[in-house]
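Residue-level structure breakdown
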Amino acid sequence: MPTELEVGDHVSWNSEAGRVSGIVRKKVTAPTQFKGYTVRASEREPQYLIESDRTDHLAMHKGSALRKLRSPSPKAETATQRRSKAPMPPRSPRRGREAG
């Protein structure tokens, strides 16, 4: 039986764009809807919600399609984490109003 994955595990999978990696965000053990499709997950054959390392794209995959990687370095962050830390650009003054 394959190794069970846990939330927070770093995994990779094959996509049409090549090998992709990400972090397991949720273990799904019951049938559910995801992006308009029925995911036929069960306790016996769970599926995993994964957030891509490079983008904030979410994907759902069977454990058999995933390869567990060594833990990412502490500096590794997902795109969502990087974006939440990014400073907001300065606001430009409103046009049409005179300083006064």
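Going by the structure above, here's the rest.
All figures in this text were calculated on a predicted structure; none of them were measured in a lab.

Now for the environment of glycine 22. Relative to the elements of secondary structure, glycine 22 occurs in strand β2 (residues 18-28). Since its relative accessible area comes to 0%, glycine 22 is described here as buried. Separated by 32 residues in sequence, glycine 22 and arginine 54 have C-alpha atoms that sit 7.9 Å apart. If we skip the residues at most four places from it in the chain, glycine 22 touches Asp9, His10, Val11, Trp13, Ile50, Glu51, Ser52 and Asp53.

Strand order across the open sheet formed by 5 strands is β6-β5-β2-β1-β7, with antiparallel pairing between neighbours. Edge positions in the sheet fall to β6 (58-62) and β7 (67-68), since each has one partner strand and no second. Direction of pairing for β2 relative to strand β5 (residues 47-52): antiparallel, over a ladder of 6 bridges. Bridging across to β5, lysine 26 finds its partner in leucine 49.

Reading the values: the criteria
- Residues numbered from 1 in each chain as written.
- Predicted model: local features only at pLDDT ≥ 70, side-chain atom pairs only at ≥ 80, totals over all residues.
- Heavy atoms only, no water.
- Helix = DSSP H or I, 4+ residues; strand = E, 2+ residues; numbered from the N terminus.
- Buried < 20%, exposed > 50% of the residue type's maximum accessible area, 1.4 Å probe, protein only.
- Contact = heavy atoms within 4.5 Å.
- Pairing = 2+ DSSP bridges.

So yeah, pure geometry; function would need other evidence.
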